[in-house]
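Take a look at the letters that make up each chain.
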Amino acid sequence: SAVYEILIGGLVKAGRVEEAFKLFGELKWKGDVPGVSTYCLLIDSLRKASEIDTACKLFQEMEKSGCSLDVVAYNLGIDLLGKAGKIVEACKLFEEMEKKGHKPGIISYSVLIDGLAKAGRIEEAYVVFNKMKDSGCVMDVVTYTILIDLLGKSGKVYEALELFYEMTKRGDTPDVVTYSSLIDGLAKSDRIDEAYELFLDMTQKDCTPNSVTLNTLIHGLFKAGRTEAASKHFEEMGRWGCVPNTIVYNTYIDGLGKSGNVKDACFLFGKMEKNGCVPNVETYNILISGLGSVGEVVEAWNLFEEMEKKGLSPDVITFTSLIHGLGRAGEEGAAYKILQVMEEKGCIPNIVTYNALINALGKAGKVKEAYKILDEMRARGFSPD
RNA sequence: CGGCGGACCUAUCC
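To keep things clear, this report deals only with the structure shown in the data block. Fair warning: this is a prediction, and the values are worked out from it, not measured in the lab.

## Remarks on the protein's contact with RNA strand B
The immediate surroundings of RNA strand B are formed by 58 residues, with Ser 37, Arg 47, Ser 110, Thr 145 and Asn 215 found nearest. Those atoms of RNA strand B that come within 4 Å of the protein belong to sugar or phosphate at a rate of 51%. Note that a phosphate oxygen of RNA strand B is positioned 3.0 Å from one of the side-chain N or O atoms of Lys 258.

## Observations concerning the packing of helix 9 (residues 141-153) against helix 11 (residues 176-188)
Contact geometry of helix 9 with helix 11 gives a least axis separation of 9 Å together with a crossing angle of 10 degrees. The pairing of helix 9 with helix 11 is recorded here as roughly parallel in orientation. In contact with Val 141, Thr 145, Ile 148, Asp 149, Gly 152 and Lys 153 of helix 9, helix 11 contributes Val 177, Thr 178, Ser 181, Leu 182, Asp 184 and Gly 185.

## What about the environment of Ala 84?
Considering the arrangement of structural elements, one finds Ala 84 in the loop between helix 5 (71-83) and helix 6 (87-99). When its relative accessible area of 27% is taken as the criterion, Ala 84 is described as partly exposed. When the C-alpha positions of Ala 84 and Asp 114 are compared, they lie 13 Å apart, and in sequence the two are 30 residues distant. Discounting chain neighbours no more than four positions away, the residues touching Ala 84 are Ile 52 and Cys 56.

## Remarks on the pattern of salt bridges
Throughout the structure, instances matching the rule amount to 26 salt bridges. Glu 194 is the partner of Arg 191 in a salt bridge, and the nearest nitrogen-oxygen pair spans 2.6 Å. Look at Arg 191 and you get partly exposed, because its relative accessible area is 25%. Taking relative accessible area as the criterion, Glu 194 reaches 32% and is therefore assigned partly exposed. A salt bridge links Lys 345 to Glu 308; its shortest N-O distance comes to 3.1 Å. Of this pair, Lys 345 sits in the loop between helix 20 (332-344) and helix 21 (351-363) while Glu 308 sits in helix 18 (residues 297-309), and the two are 37 residues apart along the sequence.

## Some words on the packing of helix 9 against helix 10 (residues 157-169)
Remark: helix 9 packs on helix 10, axes separated minimally by 7 Å, with the N-to-C direction vectors making an angle of 165 degrees. Taken together, the axes of helix 9 and helix 10 are roughly antiparallel relative to one another. Crossing geometry of helix 9 relative to helix 10 is assigned as left-handed. Judged by residue contacts, Val 141, Tyr 144, Leu 147, Ile 148, Leu 151 and Gly 152 of helix 9 engage Val 157, Glu 159, Ala 160, Leu 163, Phe 164, Glu 166 and Met 167 from helix 10. Along the lines of polarity and charge, the residues of the contact of helix 9 with helix 10 split into 10 nonpolar, one polar and two charged.

Criteria and cut-off values
- Residues numbered from 1 in each chain as written.
- Chains lettered and ligands numbered in written order.
- Predicted model: local features only at pLDDT ≥ 70, side-chain atom pairs only at ≥ 80, totals over all residues.
- Heavy atoms only, no water.
- Near = heavy atom within 4 Å.
- Polar contact = N/O pair within 3.5 Å; in protein donor to acceptor, adjacent residues only side chain to side chain.
- Axes fitted to C-alpha atoms, helices over the stretch in contact; angles between N-to-C directions.
- Helix = DSSP H or I, 4+ residues; strand = E, 2+ residues; numbered from the N terminus.
- Parallel < 35°, antiparallel > 145°, perpendicular 65-115°, else oblique.
- Contact = heavy atoms within 4.5 Å.
- Buried < 20%, exposed > 50% of the residue type's maximum accessible area, 1.4 Å probe, protein only.
- Salt bridge = Lys/Arg side-chain N within 4 Å of Asp/Glu carboxyl O.
- Left-handed = near helix turned anticlockwise from the far one by under 90°.
- Nonpolar A, V, L, I, M, F, W, Y, C, P; charged D, E, K, R; others polar.

Shown next, in the form of structure tokens:
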């Protein structure tokens, strides 16, 4: 059994996850109970592959298997539950950990704070934060970054900046993730100049920007209307040893479209595949939305068909973009039909979809139909605004 | 001894 576990560990680290799971199955087949660390290793490999649900199931299996969880296992579980949108369960697991006599460590607090923040439960995140400080835990770079990100995303960049200075004063060195988070927070609060200064600051401190940093910056520059600066940074990514990936292309295509260069956006769309970047649902959504916003509904529809042909599943954003574009083009009848098309495909409209359709009908003077949709959305439990 | 935590892209109206 110990041999199996060592082999499984080796396979996971070598990226041969399938083989690892095969061995794991054999191990259990023989009636052995895998150890906590083996479970955790496998659960974590699922988490890294974004297979959150499967990871949760394996976690439950571990709980039932009777092996007693240690702090690392609890940390993993709290993180998984948070990422699966089950933040209440995550909090319960945290309490269970304490009840069973395991003292939460810095990682325990960090994952819970991050989970709460991403679930929008900012107040509770602060409560856990204060508890962490009272417990005497020493914050590290990751904890600081989680807090800086949280503050930036909840409109408190000033406090994020204060934390940033506090950590440097304490001798903690911000890394590329810390910088990227703060640059994003500043840019999204329309403080692009400070964001840019921070970008320069990190390069002077030999903290090399990566593609996330550059994407964040490009996004911020577009948002501030600095199209040329954005393009410059896109073209000069190689300076930092980076090549644009699909997300960067998406940001750039979107920025071009929104700044009135839909033609260039389409040109880049053609180029991205040649550069080895596979367009995803977001790419198509960006283009469909961009084309619809300038009245090119036929082109938008063609792309919709193209994405389906490629096996990409249109989502609620795709359909809402189509509805908006058609409404804008005075084709409210077609916009209405999209609602049916999406339902047939099993895509549930949301409040944004209904707003787009009601606007389309209203603009066309079809007040009765608009009210009908309003009733439908109420019947579905949406409250109009 | 080993296994766990952080940042980036898309839709309506405002």
